[in-house]
Amino acid sequence: MRILGLDPGLRTTGWGVIDVEGSRLTHVGNGTCTSGEGDLAQRLLALFEQIGDVVARFAPTHAAVEQTFVNKDASGTLKLGQARAIALLVPARAGLSVGEYAPNAVKKAVVGVGHANKDQIGHMIRVHLPGAEVAGPDAADALAIAITHAHHLQSAGRVSAVVKAARRAPAAKGWAEIAAKRAVKRA
């Protein structure tokens, strides 16, 4: 499976792509999309087109986006939310389901603590993805989001497998019936 992680921002949106095979994570690519200057509509269009290019180039099977945190500045929060909407829209338009993760959940999944700083995230990205050359802190955050989604999908897959096995297991038929049959066979 190939996962695209997106760290939305109006000026700079980080992106990172990883491949997941079992528990093995492999770096595929990372970078940033920049919106430049000008009116908001043109900046959002620039992000839309650049993220679309990333999706077309790397053909991910899954995507994940960091959730918005609230700034002190309401106007800044609103603009960030609009950039986040683009980050959600582009993969959804490509037919991908999109996971969403709080910043603290991403930090906890990658670093082990929910209040890690950018340097700690960058270091752990290099641990999880040896040899990856990261294009800056926004790209590192995007790779962290992709890794978080990979862990989430792996956990969900294990839970699903356990549930399926439990449904096929003797417990689904009733322990009393099985115990009675075993007792008859022993006698």
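The coordinates are above.
Residues numbered from 1 in each chain as written. Predicted model: local features only at pLDDT ≥ 70, side-chain atom pairs only at ≥ 80, totals over all residues. Heavy atoms only, no water.

Along the chain, Asp 141 turns up in helix α5 (residues 137-168). Residue classification places Asp 141 among the buried residues on the basis of a relative accessible area of 8%. Dropping the residues within four chain positions of it, Asp 141 is found in contact with Asp 7, Lys 118 and Ile 121. (Helix = DSSP H or I, 4+ residues; strand = E, 2+ residues; numbered from the N terminus. Buried < 20%, exposed > 50% of the residue type's maximum accessible area, 1.4 Å probe, protein only. Contact = heavy atoms within 4.5 Å.)

In spatial order, the strands read β3-β2-β1-β4-β5; together these five strands make up an open sheet with mixed pairing. Edge positions in the sheet fall to β3 (24-34) and β5 (98-101), since each of these pairs with one other strand and no more. The average angle at which neighbouring strand axes cross in this sheet is 20°, direction not considered. Pairing of strand β4 (residues 62-66) with β5 involves four bridges; the strand directions are parallel. Bridge assignment links Glu 66 to a residue of β5, and that residue is Tyr 101. (Pairing = 2+ DSSP bridges. Axes fitted to C-alpha atoms, helices over the stretch in contact; angles between N-to-C directions.)

Let's shift gears to the pairing of strand β2 (residues 12-21). Judged by how many residues are buried, β2 sits mostly within the fold: seven of 10 residues are covered. Note: strand β1 (residues 2-7) against β2, six bridges, orientation antiparallel. Following the sheet pairing, Ile 3 is matched in β2 by Ile 18. Between β1 and β2, which pair antiparallel in sequence order, lie four residues. Two successive antiparallel strands, β2 and β3, enclose a turn made up of two residues, where Gly 22 displays a positive phi of approximately 65°.

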